[in-house]
Structure formats: C-alpha cells, structure tokens
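The residues making up each chain are set out below.
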Amino acid sequence: MTIPGLPGASEPTFRTRDRSLFSLDMLVREVCERLVDDGLNVSPRVAKAAIQCARRWICEREELDVDALSLLVSRDLRHHRVLLIPDMVSEVLVTYVRLVIELDVAEVMG
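Residues numbered from 1 in each chain as written. Predicted model: local features only at pLDDT ≥ 70, side-chain atom pairs only at ≥ 80, totals over all residues. Heavy atoms only, no water.

**Some points on the sheet that holds strand S3 (residues 105-109)**
Here comes step 1: Read from one edge to the other, the open sheet built from 3 strands follows the order S2-S1-S3, with strand pairing classed as antiparallel. Looking at which strands have only one partner, the edges of the open sheet turn out to be strand S2 (21-23) and S3. The average undirected angle you get between the axes of adjacent strands in this sheet is 25°.
Here comes step 2: Pairing between strand S1 (residues 13-16) and S2: 3 bridges, direction antiparallel. (Pairing = 2+ DSSP bridges. Helix = DSSP H or I, 4+ residues; strand = E, 2+ residues; numbered from the N terminus. Axes fitted to C-alpha atoms, helices over the stretch in contact; angles between N-to-C directions.)

Structure below.
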C-alpha cells in the first residue's frame, strides 16, 4: 500500500551496491519501525512528508546542519498541515540516513 506524501514531491527508488531496489515507501516503513523500537511513534505519512521535505531542502542548499534542516522542515511541514517538532524531525532524518548508509545505497533514481 502506498504511503501518501507531499503533493508534487519526488518518490525516488534506491539502488544498493548489490543491485537491490527499495522504494521510498519501503524505507519509510523501516524508519518508522526503528523509531518505534526507540520508543517514538511517528506515522508513516508524517515520516514520509518529513523525508520528502528534507530532500528538497538539501537539493536547494549546500550547507545545512541537522538542527537547521530540522527547523526548516518542521516549519515547511506546517504549510502542509503536518505538525512535527524539530527534535522529532531530527530523529526521523537521522534514522533515515542511517538506514540509507546501512543499505549501502549507491544510486537514487527519481
């Protein structure tokens, strides 16, 4: 089942070095499971929106630390009626990046 995301935001596919393919939705589901294991409950829809928003900001700006990015994403999400405080945005994004590293993603398509 597809997780609703931000209107017009990219829905990339991730290819690992061993040629496995993962959709953004697959990664979002895993991020949410890992967050639950850490005691944080974030819906897949909210996590996906945060990741999509962060990906857009990263493409537009060269240098952003996690705190600045989390604040920008949190503010931007409000325009989409998604409420997520910067600390939670940070948790989602750090978990997402760790997963991308663990999967050894070599290419992002889309």
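Moving on from the model shown.
**Here's the deal with the side chain of Ser74**
Here comes step 1: Relative to the helices and strands, Ser74 is located in helix H3 (residues 66-78).
Here comes step 2: Owing to a relative accessible area of 2%, Ser74 belongs among the buried residues under this scheme.
Here comes step 3: Among the polar contacts listed, one links the side chain of Ser74 to the backbone oxygen of Leu84, at a separation of 2.6 Å.
Here comes step 4: Apart from the residues lying within four places of it in its own chain, the contact partners of Ser74 are Leu84, Ile85, Pro86 and Val89. (Buried < 20%, exposed > 50% of the residue type's maximum accessible area, 1.4 Å probe, protein only. Polar contact = N/O pair within 3.5 Å; in protein donor to acceptor, adjacent residues only side chain to side chain. Contact = heavy atoms within 4.5 Å.)

**A word on the packing of helix H1 (residues 24-37) against helix H4 (residues 86-103)**
Here comes step 1: Closest axis-to-axis distance for the H1/H4 pair is 9 Å, and the angle between their directions is 115°. Crossing handedness for the pair H1 and H4: right-handed. Of H4, the residues touching H1 (which contributes Leu24, Leu27, Glu30, Val31, Arg34 and Leu35) are Glu91, Val92, Thr95, Tyr96, Leu99, Val100, Glu102 and Leu103. (Left-handed = near helix turned anticlockwise from the far one by under 90°.)

**Some points on the nonpolar core**
Here comes step 1: The biggest cluster of nonpolar side chains holds 31 residues, and the ones touching the most others in it are Val73, Leu77 and Val92.
Here comes step 2: For this core, the elements supplying multiple residues, two or more each, are H1, helix H2 (44-60), H3 and H4.
Here comes step 3: When residues of this core are assigned to their parent elements, the largest contribution, 8 residues, is made by H2.
Here comes step 4: Each residue touching Val92, except ones within four places of it in the same chain, is listed here: Val31, Leu35, Val42, Ala47, Ala50 and Ile51. (Core = buried A, V, L, I, M, F, W, Y, C linked by side-chain atoms within 4.5 Å.)

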